[in-house]
Amino acid sequence: MKDFVRGASRVLGVVVGFLPIAMSFGAVSVQAGISDAATVGMSVFVFAGAAQFAIVEAVRQHLPWFSIVLTALIINLRHIPMSLAAVHNLYNRFEWPKRWLLAQGLIDETFALEMSDQAEPFGYYLGMRFCCWMSWITGTWLGSQLGMQIPERWLQFALPGLFLCLLTSSVSQRWGRQVLVVLGIGIALVVATQAWGSTGTLLAIVGVAVAATLLLGTQTATE
């Protein structure tokens, strides 16, 4: 339990950034005609912010189901190099059931923090994932209930805030150059596209996903 609590406290900065983003997802999803239950269920089972925003936009545009599935799959391809790097550096000590459980919560933010830490017990990684997962679900539910009553200007700095939380919480950590580049690209994209509203948010998320896939995949291949 001590390791679990320590892992959960490690991601408190991420949780602060997650809540407004998840609320914006819940609000946008309901506005697109997706039910409250389906909106929250997407955060429970999919738990991939970029893919979820893309799915909502695809539903809004009435795209065919196979196009929606393909879009989500392409965006989440970055999890392949992330998983390879995580298993190689951290998770090869654990049994397969534990690896599969950790895989559900392997997201950009937990991956970046874990790559800057030393090898930790299973409970530490589980605490990180559970805290992030619950904050994303809670924010989604709140957004689905409030709907579009949330002023858009309140959410303009949600993504920059998340990237800054990740950056400042790791100033004293030895991050790889690729991770810092991805964070820089994320901040620049959000600032450059925030005037475009939800479309700009979606483009920023996709841009960060592509940058993470390319740069972190290169890092994994060279190790």
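Residues numbered from 1 in each chain as written. Predicted model: local features only at pLDDT ≥ 70, side-chain atom pairs only at ≥ 80, totals over all residues. Heavy atoms only, no water.

1. So, the environment of Ser 29
Basically, it comes down to this: Secondary structure elements follow DSSP: runs of H or I no shorter than four residues count as helices, runs of E no shorter than two count as strands, and numbering proceeds from the N terminus. Any two residues whose heavy atoms approach within 4.5 Å at even a single point are treated as in contact.
Within the secondary structure, Ser 29 sits in helix α2 (residues 12-31). Along the sequence, Ser 29 and Gln 52 sit 23 residues apart, while their C-alpha atoms lie 8.9 Å from each other. Those residues in contact with Ser 29 that lie beyond four places of it in its chain are Ile 34, Thr 39 and Val 56.

2. Remarks on the environment of Glu 120
Along the chain, Glu 120 turns up in the loop between α8 (108-115) and α9 (122-146). A C-alpha to C-alpha distance of 9.4 Å links Glu 120 and Tyr 91, two positions 29 residues apart in sequence. When residues no more than four places from it in sequence are discounted, the contact partners of Glu 120 are Arg 6, Arg 93, Phe 94 and Tyr 125.

3. Brief notes about the packing of aromatic side chains
Aromatic rings in a pair are described by how distant their centres are and how their planes are angled relative to each other. Convention followed: Put simply, two rings from Phe, Tyr or Trp (the six-membered ring, in Trp's case) pair if the centres are within 6.5 Å, and we call them stacked under 30 degrees between planes, edge-to-face over 60, tilted for the rest. For the exposure calls, accessible area comes from a 1.4 Å probe over protein chains only, and a residue counts as buried if that area is under 20% of its type's maximum, exposed if over 50%, partly exposed in between. Geometrically, a charge over a ring is one whose NZ (Lys) or CZ (Arg) sits within 6 Å of the ring centre while staying within 35 degrees of the ring normal.
Using the criterion set out here, one finds eleven aromatic pairs in the structure. A centroid spacing of 6.2 Å and a plane angle of 85° characterise the contact between Trp 65 and Phe 66, whose relative ring orientation is edge-to-face. The pair formed by Trp 65 and Phe 66 is uniform in burial state, with each residue classed as exposed. Measuring from centroid to centroid gives 5.6 Å for Tyr 124 and Tyr 125, while their planes differ by 80°, and the two rings are edge-to-face. Owing to a relative accessible area of 3%, Tyr 124 belongs among the buried residues under this scheme. Among the residues examined, Tyr 125 registers a relative accessible area of 0% and is labelled buried. One aromatic cluster is present, built from ring pairs that chain together Tyr 91, Phe 94, Phe 122, Tyr 124 and Tyr 125. Taking NZ or CZ as reference, Lys 98 lies 5.0 Å from the ring centre of Phe 122, over its face.

4. Some details on the environment of Ile 68
Structurally, Ile 68 is set in helix α5 (residues 65-75). On the accessibility criterion, Ile 68 (17% relative accessible area) is buried. With 13 residues separating them along the chain, Ile 68 and Ile 55 place their C-alpha atoms 5.9 Å apart. What Ile 68 contacts, discounting residues up to four positions off in sequence, is Ile 55, Ala 58, Val 59 and Leu 63.

5. Re unusual backbone geometry
In terms of backbone geometry, most residues other than glycine have negative phi values and most peptide bonds are trans. One non-glycine residue with positive phi stands out, namely Phe 47, at about 50°. Locating Phe 47 in the fold gives a position in the loop between α3 (36-45) and α4 (49-60).

6. With respect to α2
Note the following rule: Each residue after the first adds 1.5 Å to the expected span of a helix. Bend at a residue means the angle formed by two fitted axes: the first through the 7 residues ending at that position, the second through the 7 residues beginning there.
Taking 1.5 Å of rise per residue, the 20 residues of α2 would be expected to cover 28 Å, and the 29 Å separating its terminal C-alpha atoms lies within 8% of that figure. Remark: the principal bend of α2, roughly 30°, maps to Phe 18, with a proline, Pro 20, within the next four residues. Backbone geometry just after α2 places Gly 33 at a positive phi near 100°.

7. Observations concerning the side chain of Arg 99
What counts is decided by this rule: His is not counted here, nor are the chain ends, while Lys and Arg score as positive and Asp and Glu score as negative. Each reported salt bridge corresponds to a side-chain nitrogen of Lys or Arg within 4 Å of a carboxyl oxygen of Asp or Glu.
Residue position: Arg 99 is located in helix α7 (residues 96-104). Within the buried set, Arg 99 has no salt-bridge partner at all; the shortest N-O distance to an opposite charge, 7.7 Å, is to Glu 95. Arg 99 has contacts with Val 87, Tyr 91, Asn 92 and Phe 94, leaving out every residue within four places of it along the chain.

8. Side note on the nonpolar core
Nonpolar side chains in soluble globular proteins tend to end up buried together. The condition is simple: The term nonpolar core refers to a set of buried residues drawn from Ala, Val, Leu, Ile, Met, Phe, Trp, Tyr and Cys, joined through side-chain atoms within 4.5 Å.
Of all hydrophobic cores here, the largest spans 39 residues; its most connected members are Val 11, Phe 18, Tyr 91, Tyr 125, Cys 132 and Trp 136. Sorting the residues of this core by element identifies α2, α4, α5, α6 (79-89), α8 and α9 as the ones contributing at least two each. Residues contacting Cys 132, with those up to four places away along its chain left out, are Val 11, Val 14, Phe 18, Phe 47, Ile 107 and Thr 110.

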